[in-house]
Amino acid sequence: MACKNGILKLSFFLFAAIFICACGLDTFYYVDSPVYDGHLASYSSSDTLFDYFSCRTTEESPSENQYMFGSSECIFLGTEIYYRIYNNVSTMLSAESSIESMASDSASASSSASYLIDTKGYKPLKLSRGAIFPLIKAGSSPQNKFVYIKLTDSEPICISTYGAMNIYTPGNELEIDGQPVYPRRYIDSSKGFSFGLDDDNPVPLQTDEDVTWSDTATEDGVWYVDMYAVSIARDVNYTMQYSRPYLMGSVSIRTE
């Protein structure tokens, strides 16, 4: 009987300890990442037709996390786009590898977006006019969106709910005040990515906030832009919750 009573007492204390610890636990929310839409940009592509970034947002959540839309605890806001400029391919690929390593490890996945932004210095894409946060805002009802971004002054950012886009598709332009908007650099919303073309497209500098500089460039006059998409939600405490980063790929840009 003494043994039985000892077991009962031990069980009680264990239960009490678990209960007390559980009361102090932080609440974590899982936010689904954007996904592959059939295209991944590649810096090694020789055809500029394929030098665009794309993805499909995840708003019709496959993991059935409908709290994003129906719960007061966590509200899905949309999808943000982050990028970084490199002059060395190996440095860029190393960053991609470390980000992927964190995102694919269950122990570090929840902090992989912070690693992308705070440690690796990826910056949110800016627009040629105004500002939107997140860039691809959630609609009033869950609906996945397809995103098309080409880093030129001739093709505006496009968003469609009908399917993936592999070329600029008129009628799907992202607009502010009725005007199409174009991708711009974080350092200045008037600065574009056609490096060296004119004063509005300056060649990246070592000191620019959106540049990871290497003293040994892979090729003189060639730059590499790496881009990710991240889903963002807001919890009841107004704390932002981020998904694992989705790699949209990278493109090479030659100085004009």
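Reading the values: the criteria
- Residues numbered from 1 in each chain as written.
- Predicted model: local features only at pLDDT ≥ 70, side-chain atom pairs only at ≥ 80, totals over all residues.
- Heavy atoms only, no water.
- Salt bridge = Lys/Arg side-chain N within 4 Å of Asp/Glu carboxyl O.
- Helix = DSSP H or I, 4+ residues; strand = E, 2+ residues; numbered from the N terminus.
- Buried < 20%, exposed > 50% of the residue type's maximum accessible area, 1.4 Å probe, protein only.
- Patch = residues over 30% accessible without salt bridge, like charges linked within 9 Å, V, L, I, M, F, W, Y side chains within 5 Å.
- Areas by Shrake-Rupley, 256 points an atom, 1.4 Å probe, with all protein chains shown as cover.

Peer 1: Just to check I follow, could you spell out the pattern of salt bridges for this structure?
Peer 2: In a structure, side chains of opposite charge can pair up when their charged atoms sit close to one another. Tallying each qualifying case throughout the model produces six salt bridges. Linking Asp 208 and Arg 185 is a salt bridge whose minimum nitrogen-to-oxygen distance equals 3.0 Å. Of the two residues, Asp 208 is situated in the loop between β10 (183-184) and β11 (211-212) and Arg 185 in the loop between β10 and β11; the sequence distance between them amounts to 23 residues. A salt bridge links Arg 254 to Glu 219; the nearest nitrogen and oxygen atoms lie 3.0 Å apart. Remark: Glu 219 occurs in the loop between β11 and β12 (222-235) and Arg 254 occurs in strand β14 (residues 246-254); sequence separation between them is 35 residues. With relative accessibility at 53%, the residue Arg 254 sits in the exposed group.

Peer 1: Any chance you could explain unusual backbone geometry here in plain terms?
Peer 2: Of all residues except glycine, most have a negative phi; of all peptide bonds, most are trans. In this structure, the amide linkage connecting Phe 133 to the following residue, Pro 134, adopts the cis form with an omega of -15 degrees. For Pro 134, the location among the structural elements is in the loop between β4 (126-127) and β5 (136-137). Despite not being glycine, Asp 177 has its phi angle at roughly 55 degrees, a positive value. For Asp 177, the position within the fold is in the loop between β8 (175-176) and β9 (179-180). Owing to a relative accessible area of 68%, Asp 177 belongs among the exposed residues under this scheme. With a phi close to 65 degrees, Tyr 238 is a non-glycine residue in the positive phi region. Counting through the fold element by element, Tyr 238 comes out in the loop between β12 and β13 (240-242). A relative accessible area of 61% means that Tyr 238 is categorised as exposed.

Peer 1: Could you clarify how one ought to interpret a nonpolar patch on the surface in this entry?
Peer 2: A surface patch of nonpolar side chains, about 280 Å² in accessible area, is lined by Leu 49, Phe 50 and Ile 167. When you line up the elements, Leu 49 lands in the loop between α1 (2-23) and β1 (53-56).

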